[in-house]
Amino acid sequence: MAGWAQAAPESLSGIDVIRGSGAGLYGAGALTGVVALRERDADGGVLDMSVGDRGSLRAAGSASISGERMALTVSGVHETTDGYVPVRGADAGAADVPMDLTSQALSGRLDVRVTDEVRLSVRAAGWEEDRGSGLGNNRANASGHSLSASLARSLSEVQGGWRLQAWQTTSNLFNSSGAVATDRNSVTPANEQYRTPAEGWGANAAWRRRDRLVGGLLEWEVGADARFTEGETQELFRFQNGQFTRGRKAGGEASVAGLYLDGSWEAGPWLVAGGVRLDNWTNENGFRLEDDLQTGDVTLDEAEEKRSDTVFSGRLAARRALGGGWSTRGAAYSGFRPASLNELHRPFRVGNDLTEANALLEPETLKGIEAGLAYADARFEFGASVFWNRIDNAIVNVTLAEGPGTFPRAGFVPSGGALRQRQNAGTIDATGIELNAKARIADGVDLRGALSWTDAEMDGGTRAAQLTGLRPAQAPEWNALLGLDWQASDRLKFNVDGRYESDRFDDDLNSRVLDAAWTVYARAQWQALPNAALWVAVDNLIDEDIETSETATGVAGYTAPRTWRAGVRLNY
C-alpha cells in the first residue's frame, strides 16, 4: 500500500522504464518490465509546498551537500488530506465516509568515495501511511523502515567493475474491515489484522567488463543475487454478539536465489542485448493456526510442506538503425514471479467480498515476443509495436461462492458479497498493439500521444474452467493518452494530459463492469524568481465519474472528483 509513498518525486533525478520480462539483474518478479527510480545526487535542493481541496496539505523536499570525499542527501515528504467519499449519489449511505490520509517518509543517503574508482553508498529510510477505507471506521496503517549498502568500483576501459550490495527492510500493517448493511447505513466489524510483521533481506554481487568484440563494443555482467522474506498475519475474525470470537495466525518464509549473465553488443547500426538467469525458489515453514477466543480451543492447525524448484529464464533483443531516422527492433523473453507472502498466507476483505490466501500457489511464468518500428527527427518521434505474451499458472482471485452463506475456513459471507481464493488459474494469452508519437507543432509547443489495444483472454483449463474465454480482471482493452506541453514564455508553462481507459471488469467472472472514462490533468507554472516557482494543478479536470470498484449489487466506488492544488516550488 505505502510503497510509492516512500518515493517523493522531489527526491528523484529520473525514472527508467525497462520493457519485457527481466532475465538480468532484476530477476524474479520483473514479469512484464521494470520501473527503476534514480535518486538525486547533485548538490543543491528542492522544496515543494502545496494546499488543495478537502483539507489537503503537502510538503516535500530533498537536499544534497558534498565535500571532497563525501556527500549526504536527505529527502522527506509529509502529506495529509480529509479525503473523498468513494461511494457517492443515491447508492451512498451513512456508512460511506471520506478516505482520509496521512503519509510521511524520511530517507538519508551517505556517499563516500573510498578511492578514485570505488564508492560506498549507505541509505536508511522510514515511512508510515495511515488511511481510512471510506467505509465506517475501517482503517489501514502501514509502516516500515529499510537499510541498504552498496560498494562498487566503476567500469573503465582498462579494467572491470564490480558491485556488492546488501539490504534489509521491515514492515507492519494494521487493517480493519467490516460487512456493510444492504442500505449502507451501518458496518459490522468482520476482521481486524492487528499486526502483520514482515522482514526482507537480500544481497547481490556482480562483475562487469567492457571489451571489443567482432568490430563492436561488448559490455557484460555476471552476478548472483538472493532475496529472503518472512512474515505473518495476526488477526481477529468471526464477529458475533458484539465481539470477535476467533483468532488467527498465519505466515511463512520464502526465498529466491539466482545466477545471471547479462550483456549488450553495439556495432554500427546494430544493438543486441540479452541475458540468462537460473533461479531457485523456496517456500517453507508455512503455517495457519486458528483458535476460539473464549475457550482457547484450536479450531484449525495446518503446516505447509517445504516446496522448491528451479526456473530458467532468458531474453534476447536487437535493434537496427535503418537510416533516415528509422529503426526497427525485436525481442523475445521469459520470466517468472513467485507468489508473495500475502498471496500465500494473508486473507483480506474489501466490504462484503472476502479473498482467501493459498499456501500452495506455484510461481506464474511468462514468455513473450514483440517487434517494433520507430522514427525520430528534430521535430517528430513515432513508434509502433506489436506483442504477444502468455502467462502460465496465472495467479488470479477466483470466485468460489456468492453470499449469503457460511463456508469452510472463510466463515460467513454476507449478502452481496463473494468468496474468492488466490489460485493458479490456468493461462492468460495477450496480443496487442502499441503506438506512440511526439511532435513539435510550434516553437515551445509539444503534442504527445499514445494508444494501446490489448486482446487478453483466460484459459482456466481444468482448475478454473469457468474462466475460459473471459477477460482478466482490471485489464481494459483500450488505453490512450493525449498530452500538450506549452512553454508560453520564459517564465510560464502549461501541461495538459488526458488519459482514457475503456471499460473493464472488476471480477474474474466478468460480471461487474467498470465504465470507460477519461481522466484529464492540467498544470500551470509561473517562474516568479530564478529559484522560486508558483504552480496550480487540477486532477480530474472534467470531474468525470471514474469507477474503481463495483459490488455484486451494482454499487460503484469512484476515484477522486475534481481536485485542485496550488503550491510553491523552491530550488537552490
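Every chain is numbered on its own, with residues counted from 1 as its sequence reads. Under the rules for a predicted model, residues below a pLDDT of 70 receive no local features and side-chain atom pairs below 80 are neither given nor counted, while totals for whole chains, interfaces and linings still include all residues. Based on all heavy atoms of the structure, the side-chain values leave hydrogens and waters out of the count.

### Looking at a negative patch on the surface
Nonpolar side chains (Val, Leu, Ile, Met, Phe, Trp, Tyr) within 5 Å and like charges within 9 Å form the patches, drawn only from residues with over 30% relative accessible area and no salt bridge. Exposure was quantified through the Shrake-Rupley algorithm and a 1.4 Å probe, taking into account, for residues, occlusion by the shown protein chains and nothing else. Salt bridges are defined as contacts in which a side-chain nitrogen from Lys or Arg sits within 4 Å of a carboxyl oxygen from Asp or Glu. Just so you know, the count uses Lys and Arg for positive and Asp and Glu for negative, and it drops His and the chain ends. A charge is said to be at NZ when it belongs to Lys, at CZ for Arg, at CG for Asp and at CD for Glu. A cluster of acidic side chains, namely D455, E457, D459, E477, D503 and D515, defines a negative patch on the protein surface. Tracing the backbone shows D459 in strand β27 (residues 445–459). For the purposes of this entry, the term helix denotes a DSSP run of H or I that reaches at least four residues, the term strand denotes a run of E that reaches at least two, and both are numbered from the N terminus.

### What to know about the nonpolar core
Side-chain atoms within 4.5 Å are what join buried Ala, Val, Leu, Ile, Met, Phe, Trp, Tyr and Cys residues into a set we call a nonpolar core. Using a 1.4 Å probe on the protein chains alone, a residue whose accessible area is under 20% of its type maximum counts as buried, one over 50% counts as exposed, and one in between counts as partly exposed. Among the nonpolar cores identified, the biggest contains 13 residues, and I391, V396, A425, M458 and L467 are the most heavily contacted of them. When residues of this core are traced back to their parent elements, those giving at least two are β17 (326–337) and β22 (395–402). Sequence-distant contacts of L467, that is, excluding residues within four places in its chain, are made with V396, V398, A425, M458, G460, D508 and L509. Whether two residues touch is decided by their heavy atoms; if any such pair falls within 4.5 Å, the residues are in contact.

### Observations concerning the packing of aromatic side chains
Within a pair of aromatic rings, the relevant descriptors are the distance that separates the centres and the angle that separates the planes. Here is the rule: rings of Phe, Tyr and Trp (six-membered ring for Trp) pair when centre to centre is within 6.5 Å. Planes less than 30 degrees apart are stacked, more than 60 are edge-to-face, and the remainder are tilted. Across all of its chains, the model carries 6 aromatic pairs by this definition. Summarising the aromatic geometry, the rings of W201 and F228 are spaced 6.1 Å apart at their centres and angled 20° between planes, so their arrangement reads as stacked. On the criterion of sequence distance, the pair formed by W201 in strand β11 (residues 198–213) and F228 in strand β12 (residues 216–240) is long-range, its members being 27 residues apart. Judged by its relative accessible area of 34%, F228 falls in the partly exposed class.

### A closer look at unusual backbone geometry
Excluding glycine, a negative phi dihedral is what most residues carry, and trans is how most peptide bonds are arranged. Here the bond from G403 into P404 is cis, since omega is 5°, no more than 30 degrees from zero. Despite not being glycine, R409 shows a phi value in the positive range, around 70°. Position of R409 among the secondary structure elements: in the loop between β23 (405–407) and β24 (411–413). Using a relative accessible area of 35% as the deciding quantity, one classes R409 as partly exposed. Positive phi is not limited to glycine here, since N540 has a value of about 50°. With respect to the helices, strands and loops of the structure, N540 is situated in the loop between β33 (532–539) and β34 (547–550).

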